[in-house]
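# Survey of secondary and tertiary structure
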Amino acid sequence: MEARYMELIMQPTCFTCGQACIAMIAGKSVDEVIIDMKTDGATSIGQLIEILDFYGIRHAEKNKRISKKNPVPYNYSILTVHMDAGYTHWTLFYDDKYYDPEFGLIEGEYTYGKITSFLEIYAE
């Protein structure tokens, strides 16, 4: 994959991590993504896949669970994270860094929660 610059976008509310991840991938503002998704609330993987399709961004067919077969997320993926505080969160993993719309840019180990699955994004 050819590296490109990724800009960290922080989520404007506690419910818009999915929209912020899509904004980073699509090069749009969170407000634009909220309008296009028709929600500023919590999102499902299905909703994220729908908006990626809407923007013409290629991705894996489905979310893959972290397992022995797939022990680590692929290098350009939206991660499903079960947070230590008891909620589910979306984070972008790109170029071996975590672009977390709640906690910021994280290099090294991700310690805010448990990564349980990922949706690979295909680079253009």
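About the criteria used
- Residues numbered from 1 in each chain as written.
- Predicted model: local features only at pLDDT ≥ 70, side-chain atom pairs only at ≥ 80, totals over all residues.
- Heavy atoms only, no water.
- Helix = DSSP H or I, 4+ residues; strand = E, 2+ residues; numbered from the N terminus.
- Rg over C-alpha atoms; globule rule 2.2 N^0.38 Å.
- Buried < 20%, exposed > 50% of the residue type's maximum accessible area, 1.4 Å probe, protein only.
- Contact = heavy atoms within 4.5 Å.
- Lys, Arg positive; Asp, Glu negative; His and termini not counted.
- Charge placed at Lys NZ, Arg CZ, Asp CG, Glu CD.
- Patch = residues over 30% accessible without salt bridge, like charges linked within 9 Å, V, L, I, M, F, W, Y side chains within 5 Å.
- Areas by Shrake-Rupley, 256 points an atom, 1.4 Å probe, with all protein chains shown as cover.
- Salt bridge = Lys/Arg side-chain N within 4 Å of Asp/Glu carboxyl O.
- Core = buried A, V, L, I, M, F, W, Y, C linked by side-chain atoms within 4.5 Å.

With an unreviewed UniProt entry as reference, the protein is termed Peptidase C39 domain-containing protein, source organism Marvinbryantia formatexigens DSM 14469.

It is worth spelling out the overall build of the protein at this point. Scanning the protein for helices and strands turns up 3 helices and 6 strands. Taken against the 2.2 N^0.38 rule, which gives 14 Å for 124 residues, the C-alpha radius of gyration of the protein at 13 Å falls within 12% of a compact globule. Counting only C-alpha atoms, the protein reaches 35 × 35 × 25 Å along its principal axes. Expressed as a percentage of its 124 residues, the buried residues of the protein come to 46%. Of all intrachain contacts in the protein linking residues separated by at least 6 positions in sequence, the fraction that spans at least 24 positions is 55%. Within the protein, one finds 11 positive and 18 negative side-chain charges whose respective centroids are separated by 10 Å.

Together, Tyr87, Phe103 and Tyr112 give the surface a local cluster of nonpolar side chains, amounting to about 240 Å² of exposed area. Its location among the elements puts Tyr112 in the loop between β5 (104–107) and β6 (113–120).

Another aspect to go through is the nonpolar core. Membership of the largest hydrophobic core comes to 28 residues, with the highest contact counts inside it found for Ile22, Ile25, Leu52, Ile78 and Leu92. Sorting elements by how many residues they give to this core places helix α1 (residues 17–26) first, with 7 residues. Residues within four places of Leu92 in sequence aside, it is in contact with Met6, Cys21, Met24, Ile25, Tyr76, Ser77, Ile78, Lys97, Tyr98 and Tyr99. Leu79, Val81, Met83 and Tyr98 belong to the second-largest nonpolar core, a separate cluster that totals 9 residues.

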